[in-house]
Amino acid sequence: LFTGLDLPGRFLFATLTLMTLIAILVFIEEAVYMYRKIPSSKRSIIIWINAAAPVISTTSCIGMWVPRSTMFTDFTAGIFFAIVIHKFLMMMIKECGGQKVLLRRFENGHFTISTGPCCCCCLCLPRVPISRQTLFWLKLGTFQFAVLRPMLIFLSIVLWTNGNYVLYNVSPKGPVLWISCFIGALTLLALWAVGIVFRKVRILLKCKNIIPKFALYQFIVILNHLQTTIINIFAAQKIIPCAPPLSSTARGSYIAQQLLIMEMFLITVISRVVYRRKYHDLEPPECAAEEPGDKKQTP
């Protein structure tokens, strides 16, 4: 593949590989900083979340150099990001002071479940009281994704090695359609749980820069899943033409990986700025309750 490229193609390969290496070095430097400066209760969770973009960039770079490894690299990135979604929910709870403190802060509050991506149009849904049981179900909504998606991906690889799992064969008789639909339903359920918690704590954690952090997390979801799916559909329909030695489907994966490398590099650099800021600690719930006016915030 590399010997068949012209000079601009080789320059693009070298540039994207360099961007991947820089992203890895930026993450390593950031992980060392977090290990020294962040309390141990939140350290590992934040390092996991910051590792999402460099890991996706690395798997995309491997898939760009070795096109036949695309299925394994995509599955590896998918498994890692499934864990990151659960970690992001746990990070929001930790930033509120932990589960017990969060329950005290919102003792008489309610979760609004009419939020995306599942029920954003269902405004008639009732509000759910914030309790230990409700938080358990929300955490279970992301934890099931972190457990079940790796199991389904492992099943897909087993079927693929036996010749039963053909990635672009979406007929009802094949396993690809059913496994993809099941993974899609699990993904929406996990994103829904994160959205419910974020909608409740975004004002409280505004001083913790939670809105830019959530925006970066959403960008990774959209770029890694929606963008790649659209490009693969175009490739399967031959809208993206073949370019020997790459077929249409291989070239679609090739283009998606190159885009992901550039996008994840930018997200890695922006994440370093967003997560490295110094924040004010939240006041204890007892002190916050004594202040007149619920909407007043500490600058």
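Numbers given to residues run from 1 along each chain, matching the order in which its sequence is written. Only residues with pLDDT of at least 70 get local features here, since the model is predicted, and only at 80 or more are side-chain atom pairs given and counted; chain-wide, interface and lining totals rely on the full set of residues. Only hydrogens and water are set aside; all other atoms, that is, all heavy atoms of the structure, feed into the side-chain values.

A. Looking closely at unusual backbone geometry. Positive phi is not limited to glycine here, since Asn209 has a value of about 65 degrees. Working definition: helices are DSSP H or I runs of at least four residues, strands are E runs of at least two. Numbering for both runs from the N terminus. Mapped onto the fold, Asn209 is located in the loop between helix H7 (175–201) and helix H8 (210–236). Per-residue accessibility, obtained with a 1.4 Å probe over protein chains only, is compared with the maximum for each type, and a residue is labelled buried under 20%, exposed over 50%, and partly exposed between these values. According to the relative accessible area criterion, Asn209 is buried, its value standing at 10%.

B. Here's a closer look at the UniProt feature "transmembrane region" (unreviewed entry) in the chain. UniProt positions are given in the numbering used here, feature names are shortened, and annotations may be inferred rather than shown by experiment. Look at the UniProt record and you will see "transmembrane region" (unreviewed entry) annotated at residues 12–33, 45–66, 72–90, 136–161, 176–198, 210–235 and 255–275. Counted over residues 176–198, helix gives 100% and strand 0%. Its end C-alpha atoms are 33 Å apart. Secondary structure across residues 210–235 divides into 100% helix and 0% strand, with the first and last C-alpha atoms of the span separated by 37 Å.

C. Just the layout of surface pockets, in detail. In this structure, the largest pocket spans a volume of roughly 1200 Å³. Forming the boundary of the largest pocket are 36 residues, of which Ser180, His225, Thr228, Thr229 and Asn232 lie nearest the centre. Elements that contribute at least two residues to the lining of the largest pocket include exactly helix H4 (70–95), helix H6 (132–161), H7, H8 and helix H9 (248–275). For the lining of the largest pocket, the element with the highest residue contribution is H8, accounting for 10 residues. Residue classes follow a fixed rule: Ala, Val, Leu, Ile, Met, Phe, Trp, Tyr, Cys and Pro count as nonpolar, while Asp, Glu, Lys and Arg count as charged, and any other residue, Gly among them, counts as polar. The class makeup of the residues in the lining of the largest pocket is 20 nonpolar, 14 polar and 2 charged. Here the term cavity refers to a set of points on a 1 Å grid, laid over the protein atoms alone, in which a 1.4 Å probe fits but cannot get out; the term pocket refers to an open set having protein on both sides within 12 Å along at least five of seven lines, with lining residues being those that place an atom within 4 Å of a point. Grid points are joined across faces, edges and corners, and a volume is the space filled by probe spheres set on the points.

D. How the structure looks around the pattern of salt bridges. Each reported salt bridge corresponds to a side-chain nitrogen of Lys or Arg within 4 Å of a carboxyl oxygen of Asp or Glu. For the coordinates displayed, the defined rule picks out 4 salt bridges. Between Lys42 and Glu95 there is a salt bridge whose closest N-O contact spans 3.3 Å. Residue Lys42 is found in helix H2 (residues 40–50), and its partner Glu95 is found in helix H4; the two are separated by 53 residues along the sequence. Across the pair, exposure class does not vary: Lys42 and Glu95 are buried alike.

E. Structural view of empty space enclosed by the protein. Evaluated as defined, the whole model comprises 3 cavities of 30 Å³ or more. Considered as a void within the structure, the largest cavity measures approximately 100 Å³ in volume. Lining the largest cavity are 13 residues, and of these Ile49, Tyr217, Ile220, Ser271 and Tyr275 lie nearest its centre. Elements that contribute at least two residues to the lining of the largest cavity include exactly H2, H4, H8 and H9. The greatest single-element share of the lining of the largest cavity, amounting to 4 residues, is contributed by H8. By residue class, the composition of the lining of the largest cavity is 10 nonpolar, 2 polar and 1 charged.

F. Spatial organisation of a nonpolar patch on the surface. Only residues whose relative accessible area exceeds 30% and that take part in no salt bridge are eligible for patches, with like-charged residues grouped when within 9 Å of each other and nonpolar side chains (Val, Leu, Ile, Met, Phe, Trp, Tyr) grouped when within 5 Å. For accessible areas, the Shrake-Rupley method is used with a probe of radius 1.4 Å. Any residue's cover is judged against the shown protein chains and nothing else. Together, Phe136, Trp137, Leu140, Phe143, Val147, Leu148 and Met151 line one region of the surface with nonpolar side chains, adding up to about 670 Å² of accessible area. Mapped onto the elements of the fold, Leu140 is located in helix H6. On the accessibility criterion, Leu140 (31% relative accessible area) is partly exposed.

G. Here's a closer look at helix H3 (residues 52–65). Its 14 residues place the ends of H3 20 Å apart at the C-alpha level, agreeing with the 20 Å of an ideal helix rising 1.5 Å per residue. Buried residues dominate H3, accounting for 10 of its 14 residues. Close packing links the buried residues of H3 with helix H1 (7–37), H2, H4, H8 and H9. A helix's residues, less one, multiplied by 1.5 Å, set its expected span. Working rule for contacts: check all heavy atoms of both residues, and any pair within 4.5 Å makes them a contact.

H. Local environment of the nonpolar core. Within this scheme, the nonpolar core is defined by two criteria: the residues are buried Ala, Val, Leu, Ile, Met, Phe, Trp, Tyr or Cys, and they are joined through side-chain atoms within 4.5 Å. Grouped together as the largest cluster of nonpolar side chains are 65 residues, with contacts concentrated most on Phe88, Met92 and Tyr217. Ignoring sequence-local partners within four residues, the contact set of Met92 consists of Val194, Val197, Phe198, Val201, Leu205 and Ile210. With 11 residues, the next largest nonpolar core counts Phe13, Leu16, Leu246 and Phe265 among its residues.

I. Broad picture of the packing of H6 against H7. Structural elements are reduced to axes, namely lines fitted to C-alpha atoms, with helices fitted over the stretch in contact, and the angle between N-to-C directions of any two is expressed from 0 to 180 degrees. Here H6 crosses H7 at 160 degrees, and the two axes come no closer than 9 Å. Taken together, the axes of H6 and H7 lie roughly antiparallel to each other. Relative to H7, the crossing made by H6 is left-handed. Contact residues: H6 offers Leu138, Gly141, Thr142, Gln144, Phe145, Leu148, Arg149, Leu152, Leu155, Ser156 and Leu159, while H7 offers Pro175, Ile179, Phe182, Ile183, Leu186, Thr187, Leu189, Ala190, Ala193, Val194, Ile196 and Val197. For classification purposes, an angle smaller than 35 degrees is called roughly parallel, one larger than 145 roughly antiparallel, one from 65 to 115 roughly perpendicular, and anything else oblique. Here a crossing is called left-handed whenever its near helix is offset anticlockwise from the far helix by less than a right angle, and right-handed whenever the offset is clockwise.

J. Fine view of the confidence of the model for the chain. The predicted model of the chain has a mean per-residue pLDDT of 81, with 88% of residues at 70 or higher. Ranking the elements of the chain by mean pLDDT puts helix H10 (residues 285–290) last, at 48, and H3 first, at 90. Known as pLDDT, the predictor's per-residue confidence is scaled from 0 to 100. Residue range residues 287–299 is modelled with pLDDT below 50. Its contacts to residues more than four positions away, or to other chains, number 7 contacts.

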